[in-house]
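Given next are the chains, with one letter for each unit.
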Amino acid sequence: MNEWMEKALKLAVTNVREGGHPFGAVLVKDGEAIAEGVNELHIKPDVSAHAELVAIRKAQEHLRTTDLSDCTLYASGEPCPMCLTAAYFAGIKEIHFAQTVEEASRAGLSLSGKVYEELTKPKDSREINFIHEPVQNSDLDAMDLYSRKTSESE
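Residues numbered from 1 in each chain as written. Predicted model: local features only at pLDDT ≥ 70, side-chain atom pairs only at ≥ 80, totals over all residues. Heavy atoms only, no water.

1. Some remarks on the environment of Asn 137
Okay, step 1: Tracing the backbone through its elements, the reader meets Asn 137 in the loop between helix H5 (111-119) and helix H6 (142-153).
Okay, step 2: As for Asn 137 and Ala 87, which are separated by 50 residues in sequence, their C-alpha atoms are 34 Å apart.
Okay, step 3: Within the structure, the side chain of Asn 137 is placed 2.8 Å from the backbone nitrogen of Asp 139, a separation counted as a polar contact. (Helix = DSSP H or I, 4+ residues; strand = E, 2+ residues; numbered from the N terminus. Polar contact = N/O pair within 3.5 Å; in protein donor to acceptor, adjacent residues only side chain to side chain.)

2. Quick notes on the UniProt feature "domain: CMP/dCMP-type deaminase" (unreviewed entry) in the chain
Okay, step 1: Taken from the UniProt record, the annotation "domain: CMP/dCMP-type deaminase" (unreviewed entry) applies to residues 1-112.
Okay, step 2: A helix fraction of 41% and a strand fraction of 23% characterise residues 1-112, whose end C-alpha atoms lie 25 Å from each other. (UniProt positions renumbered as here; feature names shortened; annotations may be inferred.)

3. Overview of helix H2 (residues 51-63)
Okay, step 1: Taking 1.5 Å of rise per residue, 13 residues should cover 18 Å, and H2 covers 18 Å from first to last C-alpha, within 8% of that figure.
Okay, step 2: Looking at the buried positions of H2, the neighbouring elements they touch are strand S1 (24-29), strand S2 (32-38), strand S3 (71-77) and helix H3 (81-90).
Okay, step 3: Backbone geometry just after H2 places Arg 64 at a positive phi near 60 degrees. (Expected span 1.5 Å × (residues − 1). Contact = heavy atoms within 4.5 Å.)

4. Some thoughts on H6
Okay, step 1: Helix length check: H6, at twelve residues, gives a terminal C-alpha distance of 16 Å against a target of 16 Å (1.5 Å per residue), a fit within 8%.
Okay, step 2: Taking burial as the measure, the twelve residues of H6 include zero buried ones, a minor fraction of the element. (Buried < 20%, exposed > 50% of the residue type's maximum accessible area, 1.4 Å probe, protein only.)

5. A closer look at the nonpolar core
Okay, step 1: Counting 19 residues, the largest nonpolar core has Leu 27, Ile 56, Ala 59, Leu 68 and Ile 92 as the members making the most contacts within it.
Okay, step 2: For this core, the secondary structure elements donating two or more residues are S1, S2, H2, S3 and H3.
Okay, step 3: Ranked by the residues each element gives to this core, the list is headed by H2, at five residues.
Okay, step 4: Excluding anything up to four places from it in sequence, Leu 68 contacts Leu 27, Ile 56, Ala 59, Gln 60, Leu 63, Ala 90, Gly 91 and Ile 92.
Okay, step 5: With eight residues, the next largest nonpolar core counts Trp 4, Ala 8, Val 38 and Tyr 74 among its residues. (Core = buried A, V, L, I, M, F, W, Y, C linked by side-chain atoms within 4.5 Å.)

Quick look at the structure:
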């Protein structure tokens, strides 16, 4: 096992001992750990306080960029859909994980598996109702405004 995965697992074990969930993450750039995080749901009411997101936020602040394409993420557990999405948005190209979504489910943490399953369904078949309300007032069309501003700056 590589040293960064071992660090992520140690963070997860420590977090469990301190009353948290079993998740730790380390972001590595050029062979050096630049950020780490643990699941902080036991500390604050923030559903986005997952280990991977905490580490991504810290790395982006430290590097002063949203682009983490030259970083590798080491996570004690397979990232949930939210954390995986953040990795995509940050440009992370490689994720190592030790324990699977299925293992998490067997430990009583089944929501990630459920969300992954929900995402395979058509929008109208998901547990959360998706109701599309198209923009009717062009003054409120932020996408069009953004597209025009982007075109002007090129």
